[in-house]
Amino acid sequence: MKSNKHFYPIYINLMDKPCLIVGGGTVAQRKVESLLDYGARVTVVSPVVTDSLSSFATEGLITIKPRKFVPDDLEVVFMVFIATNDNETNRFIAKLCADKQILVNAVDDPPNCDFYVPSIVRRGSLALAISTEGKSPMLAKLLREELEGYLVEEYAEYVDLLGEYRGSIKEEFSDINIRKQIFHDLVHADIFDILKDGKRERARERIEECISLWRD
């Protein structure tokens with residue numbers, strides 16, 4: 001099969017995963033803040049760090065190694081973010097990560113990246129990731145801002161409702177084709193519009209109505 005050389009988009013569970021940040025400036029700080037939102041165990045390696053990073057360390061949220069990077073920093077690491085402005089350092093660390101098969105992202109340095117961090121629009125469990133594969137982060141940001149206006153907050157509740165019923169539908173209906181049709185009916189019904197009107201109990205009733213049509 002011919003490769004199109006594009007990156008494979010995935011969502012990764014970072015809960016309690018050891019992640020390393022090389023660099024201590026504002027870019028590194030943004031990476032740390034994002035990783036903490038997803039439950040990662042973060043270590044920062046840098047001789048100098050921002051005040052916010054120092055505060056995170058004081059609060060026990062992250063670990064800081066106040067020195068330059070050394071190869072041993074890659075021991076027991078799941079993912080690495082390189083947030084320096086030194087291309088030679090980027091290449092050196094990226095090569096070490098490749099040798100150890102550790103995922104690495106070098107900020108604003110696409111040739112030394114195994115993955116890019118997309119621009120995210122999130123409404124609870126609903127997340128849309130936008131990436132230009134490092135070619136135009138500004139365009140990704142623009143598209144994210146446009147989608148933020150479209151994806152209203154009610155989508156979070158809508159997704160939670162659909163997820164709540166998904167398990168019981170799979171238990172009740174053994175026929176996979178029937179299950180697919182029910183799931184199709186639920187997302188094409190007027191449930192979301194009902195939620196937008198603030199009628200939560202009516203939304204549940206509408207879900208039950210859709211499901212009951214497939215009961216014997």
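Going by the structure above, here's the rest.
Residues numbered from 1 in each chain as written. Predicted model: local features only at pLDDT ≥ 70, side-chain atom pairs only at ≥ 80, totals over all residues. Heavy atoms only, no water.

### Observations regarding the sheet that holds strand 5 (residues 103–106)
Pairing is parallel across the open sheet formed by five strands, whose spatial order is 3-2-1-4-5. At either margin of the open sheet sits one strand with a lone partner, and together these are strand 3 (62–65) and strand 5. Each strand axis lies, on average, 20 degrees off the axis of its neighbour in the sheet, ignoring direction. Note that strand 1 (residues 18–22) and strand 2 (residues 41–45) share five bridges and pair parallel. Bridging across to strand 2, Val22 finds its partner in Val45. (Pairing = 2+ DSSP bridges. Helix = DSSP H or I, 4+ residues; strand = E, 2+ residues; numbered from the N terminus. Axes fitted to C-alpha atoms, helices over the stretch in contact; angles between N-to-C directions.)

### Quick notes on the packing of helix 5 (residues 154–172) against helix 8 (residues 200–212)
Contact geometry for helix 5 and helix 8: axes closest at 12 Å, N-to-C directions at 35 degrees. Helix-helix and strand crossings are classified by hand; for helix 5 and helix 8 the assignment is right-handed. Between helix 5 and helix 8, the residues in contact are Glu157, Leu161, Glu164, Tyr165 and Ile169 and Arg200, Ala203, Arg204, Ile207, Glu208 and Ile211, respectively. In the contact of helix 5 with helix 8, the residues fall into six nonpolar, no polar and five charged. (Left-handed = near helix turned anticlockwise from the far one by under 90°. Contact = heavy atoms within 4.5 Å. Nonpolar A, V, L, I, M, F, W, Y, C, P; charged D, E, K, R; others polar.)

### Some remarks on the environment of Gly167
Considering the arrangement of structural elements, one finds Gly167 in helix 5. Along the chain, Gly167 and Tyr11 lie 156 residues apart, while their C-alpha atoms are 21 Å from each other.

### Description of the packing of aromatic side chains
When we look at a pair of aromatic rings, we describe it by the centre distance and by the angle of the planes. Taken as a whole and assessed by the stated rule, the structure comprises six aromatic pairs. Measuring from ring centre to ring centre gives 6.4 Å for Phe69 and Phe92, while their planes differ by 80 degrees; the resulting arrangement is edge-to-face. Of this pair, Phe69 sits in the loop between strand 3 and strand 4 (79–82) while Phe92 sits in helix 3 (residues 87–100), and the two are 23 residues apart along the sequence. Judged by its relative accessible area of 43%, Phe92 falls in the partly exposed class. Between Tyr155 and Phe192 the ring centres are 4.1 Å apart and the planes differ by 25 degrees, which places this aromatic pair in the stacked class. Here Tyr155, found in helix 5, pairs with Phe192, found in helix 7 (residues 191–196); they are 37 residues apart in sequence, far enough to count as distant. For the residue pair Tyr155 and Phe192, the accessibility class agrees, reading buried in each case. Among the aromatic residues, ring-to-ring pairing joins Tyr150, Tyr155, Tyr158 and Phe192 into one connected group. The cationic tip of Lys17 hangs over the ring face of Phe78; the distance from NZ or CZ to the ring centre is 5.7 Å. (Phe/Tyr/Trp six-rings, centres within 6.5 Å; stacked < 30°, edge-to-face > 60°. Buried < 20%, exposed > 50% of the residue type's maximum accessible area, 1.4 Å probe, protein only. Lys NZ or Arg CZ within 6 Å of the ring centre and 35° of its normal.)

### With respect to the nonpolar core
Among the nonpolar cores identified, the biggest contains 20 residues, and Ile169, Leu186, Ile207 and Ile211 are the most heavily contacted of them. The leading source of residues in this core is helix 5, at five residues. Residues in contact with Ile169, not counting those within four places in the same chain, are Arg179, Ile182, Phe183, Leu186 and Ile211. Among the nonpolar cores identified, the runner-up in size contains 17 residues, and Leu14, Cys19, Val44 and Ala83 belong to it. (Core = buried A, V, L, I, M, F, W, Y, C linked by side-chain atoms within 4.5 Å.)

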